[in-house]
Amino acid sequence: MKAKNMALCGLFTAVLTVCAWISVPLGDSVITLQTFGIFLTLGLLGGKLGSLTVLVYLLLGAVGAPVFSAFRGGLGAILGTTGGYIFGFMLTSLVYWLLTSCRDTPYIRLLAMILGLLLCYGCGSWWYMTHYLTGGTVTLGLVLTKCVLPYLVPDACKLALAWLLTRRLKRFVY
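Remember, it's a predicted structure, so these values are computed and weren't measured experimentally.

(A) Molecular detail of the overall build of the protein. Check the secondary structure of the protein and you find 7 helices and 2 strands. The order of α-helices and β-strands along the protein, N terminus first, is α-β-β-α-α-α-α-α-α. A globule of 174 residues ought to have a C-alpha radius of gyration of about 16 Å, and the protein, at 16 Å, matches this closely. Counting over 174 residues, the protein shows a buried share of 43%. Put simply, 66% of the contacts in the protein that link residues at least 6 apart link residues at least 24 apart. Only carbon and sulfur atoms are counted for the fraction: they give 73% of the accessible area of the protein, which is about 9000 Å².

Shown next, in the form of structure tokens:
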């Protein structure tokens, strides 16, 4: 790996960490900039290096570095209530890599980000439903109301901002 790519990987791992630490309470939910950081990383670094950066970020969190939201880290954070979304970040990056490796245009990148976000929602909702909701009243509607609906508009804004910034800044990265 080239020194420049290693430096970019380290820099964007730090960007992901700072984005995770920035949070805005919204009723019962907390909005972080993690998804913005994921999309910006993928958009600027591309699928391969972006996926490697997300993997490094997740591994740092797994070994206990406080890189996740609320300065959390360790297996407890990964296996906690939001663990499905953390796994979803890796799936998002892999989908982005797959789609942009076939054809890399701004609109394919946007489509890859949207599909990645939907996959992240699916992974996080499934995790939450299977690990934290027990009893006979667990429905998909309840899970979507709790885990997806409050985040749709903020995540759409973060995705759009990351996509726009990617279009403007990509030429400066490479």
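Now that the structure is up, let's keep going.
(B) Just helix H1 (residues 3-21), in detail. Counted at 1.5 Å a residue, the expected span for H1 with its 19 residues is 27 Å, and the 27 Å between its end C-alpha atoms agrees. Buried residues of H1: Leu 8, Cys 9, Phe 12, Thr 13, Leu 16, Thr 17, Cys 19 and Ala 20, and no others. Against strand E2 (29-32), helix H2 (34-62) and helix H7 (152-173) lie the buried residues of H1.

(C) Local environment of the environment of Ile 22. In this structure, Ile 22 sits in the loop between H1 and strand E1 (23-26). Separated by 12 residues in the primary sequence, Ile 22 and Gln 34 have C-alpha atoms spaced 8.3 Å apart.

(D) Region of the structure containing the packing of H1 against H2. Closest axis-to-axis distance for the H1/H2 pair is 8 Å, and the angle between their directions is 90 degrees. One element, H1, and the other, H2, form an angle in the roughly perpendicular class.

(E) Geometry of H2. The first and last C-alpha atoms of H2 sit only 16 Å apart over 29 residues, clearly below the 42 Å expected at 1.5 Å per residue. Residue Gly 46 marks the point of greatest curvature in H2, where the axis turns by about 130 degrees. The element H2 is largely enclosed, with a buried count of 22 among its 29 residues. Residue Gly 64 follows H2 closely and has a positive phi angle near 110 degrees.

(F) Up close: a nonpolar patch on the surface. A contiguous nonpolar patch, built from Met 1, Met 6, Leu 52, Leu 55 and Leu 59 and spanning about 480 Å² of accessible area, is present on the exposed surface. The dominant element in the nonpolar patch, judged by the number of residues it contributes, is H2, at 3 residues. Inspection of the secondary structure puts Met 6 in helix H1.

(G) Inspection of the nonpolar core at higher detail. In terms of nonpolar packing, the biggest core is built from 39 residues, with Val 54, Tyr 57, Leu 58 and Phe 68 touching the most fellow members. Counting only elements with at least two residues in this core, the list comes to H1, H2, helix H3 (75-78), helix H4 (83-102), helix H5 (106-132), helix H6 (140-147) and H7. No other element matches H2, which puts 11 residues into this core.

(H) Region of the structure containing the packing of aromatic side chains. Counted by the stated rule, this structure contains 4 aromatic pairs. Between Phe 87 and Trp 127, the ring centres sit 5.5 Å apart and the planes meet at 55 degrees, which makes this aromatic pair tilted. Taken together, the residues Phe 87 in helix H4 and Trp 127 in helix H5 connect sequence positions 40 residues apart. A relative accessible area of 11% places Trp 127 in the buried class.

(I) Representation of the side chain of Thr 166 in the model. Tracing the backbone through its elements, the reader meets Thr 166 in helix H7. The residues contacting Thr 166, other than those within four sequence positions of it, are Phe 39, Leu 40, Gly 43, Leu 44, Arg 109 and Met 113.

(J) Region of the structure containing the packing of H2 against H7. The geometry of H2 relative to H7 is characterised by a closest axis approach of 8 Å and an angle of 25 degrees between their N-to-C directions. Taken together, the axes of H2 and H7 lie roughly parallel to each other. Two packed elements cross with a definite hand, and for H2 against H7 that hand is right-handed. Of H7, the residues touching H2 (which contributes Thr 35, Phe 36, Phe 39, Leu 40, Gly 43, Leu 44, Leu 45 and Gly 46) are Asp 155, Lys 158, Leu 159, Leu 161, Ala 162, Leu 165, Thr 166, Leu 169, Lys 170 and Val 173.

Criteria and cut-off values
Residues numbered from 1 in each chain as written. Predicted model: local features only at pLDDT ≥ 70, side-chain atom pairs only at ≥ 80, totals over all residues. Heavy atoms only, no water. Helix = DSSP H or I, 4+ residues; strand = E, 2+ residues; numbered from the N terminus. Rg over C-alpha atoms; globule rule 2.2 N^0.38 Å. Buried < 20%, exposed > 50% of the residue type's maximum accessible area, 1.4 Å probe, protein only. Contact = heavy atoms within 4.5 Å. Areas by Shrake-Rupley, 256 points an atom, 1.4 Å probe, with all protein chains shown as cover. Expected span 1.5 Å × (residues − 1). Axes fitted to C-alpha atoms, helices over the stretch in contact; angles between N-to-C directions. Parallel < 35°, antiparallel > 145°, perpendicular 65-115°, else oblique. Bend = angle between axes of the 7 residues up to and from the residue. Patch = residues over 30% accessible without salt bridge, like charges linked within 9 Å, V, L, I, M, F, W, Y side chains within 5 Å. Salt bridge = Lys/Arg side-chain N within 4 Å of Asp/Glu carboxyl O. Core = buried A, V, L, I, M, F, W, Y, C linked by side-chain atoms within 4.5 Å. Phe/Tyr/Trp six-rings, centres within 6.5 Å; stacked < 30°, edge-to-face > 60°. Left-handed = near helix turned anticlockwise from the far one by under 90°.

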